[in-house]
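Coordinate inspection notes
Letter by letter, the chains look like this.
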Amino acid sequence: MFDYKKFEDRLVLQMENTLAKLLKEHDDIYIFSLSLSSDADSVWVIANTIHNLEEISDPGEEEYYYYKYCEEEWDLWETDDFDSISDELGNYDVYEDEDEEDAFCAHRDRAIDSCRNALIRFNTYKNKACPGLLLTFYVREYLDGEECIELFAKLNSKEALAEYSEHIEDFV
C-alpha cells in the first residue's frame, strides 16, 4: 500500500528545501506551485519571478493574468529535487491493493489530497521565509476553477484571492 502520509511529509520537507534554494538564487519570486502529473506518477515545483513576468507581459495587456498565474508559462521548474519522491510515486502499482476498475482514480485523488495537505502545512514555513509569496497547486487539465480557488483561498491573502478569482478563466 502507498504511504500517503509519508508522501505528504516528504513533500513538505522538499518544498521547504527547494524554496530556500530558490530564494538564494532569485530575489523576486512572487509565486510557487506544487505540481502533480495528471497520471499521478511525478511531482515537482514551478515558480515564477517578477522579472520573467515583466519580460513577457505588462499589467495592462489582455493576457497578463494568463502569464501571471499559468504555471506552464513560468520560468523556474524544479524537478530534480523531487526525483526520489516522484520515483516512489511512479513505482507504486495502483492495482496491487485494489481490484476495482477505478483504483487509479482513487490513488490520484488520495495523492491530490496529500499534495493539498502538504501545501497547507508548507504555508507556515513560507510565511516565515517569504511572506507574501503566493502558493498554488497544479494538475494539468484536471482541476477546475472552483477547486483552484478553494485551495488558493486557504493559502493566500484575501486581496490575492480577489484578483485570482476574478481572472480564473484566463488561465484555468
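Now for a look at the structure at hand. Everything quoted here is computed from the prediction, not taken from an experiment.

Among the nonpolar cores identified, the biggest contains 53 residues, and Phe7, Leu11, Met15, Phe32, Leu34, Leu36 and Phe137 are the most heavily contacted of them. Here the element with the most residues in this core is helix α1 (residues 4–25); it accounts for seven residues. Once residues within four sequence positions are removed from consideration, phenylalanine 32 is found in contact with Met15, Leu19, Leu22, Val45, Ile46, Ala47, Phe122, Leu133, Leu134, Leu135 and Thr136.

This part covers the packing of α1 against helix α4 (residues 83–91). Two elements in contact, α1 and α4, have axes separated by 10 Å at closest approach and are oriented at 160 degrees. With respect to α4, the element α1 is oriented roughly antiparallel. Regarding α1 and α4, the two cross each other, and that crossing is left-handed. Counted together, Lys6, Phe7, Arg10, Leu11 and Gln14 of α1 and Ser84, Ile85, Glu88 and Leu89 of α4 form the full contact between these two elements. Of the residues belonging to the contact of α1 with α4, the class tally is four nonpolar, two polar and three charged.

Once that is clear, we can look at the pairing of strand β2 (residues 43–49). With seven of seven residues buried, β2 lies mostly within the body of the structure. Across the two faces of β2 the burial is the same, with Val43, Val45, Ala47 and Thr49 and Trp44, Ile46 and Asn48 all buried. In this structure, strand β1 (residues 29–36) lies alongside β2, joined through seven bridges in antiparallel fashion. Bridge pairing in β2 links leucine 36 to valine 43. With antiparallel pairing between neighbouring strands as the criterion, β1 and β2 make up a hairpin whose turn holds six residues, including alanine 40 at a positive phi of roughly 55 degrees. Pairing between β2 and strand β3 (residues 76–78): three bridges, direction antiparallel.

The final tally for this structure, using the stated rule, is 12 salt bridges. Across the pair aspartate 81 and lysine 21 runs a salt bridge whose closest N-O atoms are separated by 3.0 Å. Placement of aspartate 81 in the loop between β3 and α4 and of lysine 21 in helix α1 is noted, with a sequence separation of 60 residues between them. On the accessibility criterion, lysine 21 (29% relative accessible area) is partly exposed. Note that aspartate 113 and arginine 116 form a salt bridge whose closest N and O atoms lie 3.8 Å from each other. Of this pair, aspartate 113 and arginine 116 both sit in helix α6 (residues 103–129), three residues apart, which is roughly one turn of that helix. In this structure aspartate 113 comes out as partly exposed when scored by relative accessible area, which is 39%. Overlapping salt bridges bring together Lys5, Glu8, Asp9 and Arg121 as one network.

Scoring rules and cut-offs
Residues numbered from 1 in each chain as written. Predicted model: local features only at pLDDT ≥ 70, side-chain atom pairs only at ≥ 80, totals over all residues. Heavy atoms only, no water. Core = buried A, V, L, I, M, F, W, Y, C linked by side-chain atoms within 4.5 Å. Buried < 20%, exposed > 50% of the residue type's maximum accessible area, 1.4 Å probe, protein only. Helix = DSSP H or I, 4+ residues; strand = E, 2+ residues; numbered from the N terminus. Contact = heavy atoms within 4.5 Å. Axes fitted to C-alpha atoms, helices over the stretch in contact; angles between N-to-C directions. Parallel < 35°, antiparallel > 145°, perpendicular 65-115°, else oblique. Left-handed = near helix turned anticlockwise from the far one by under 90°. Nonpolar A, V, L, I, M, F, W, Y, C, P; charged D, E, K, R; others polar. Pairing = 2+ DSSP bridges. Salt bridge = Lys/Arg side-chain N within 4 Å of Asp/Glu carboxyl O.

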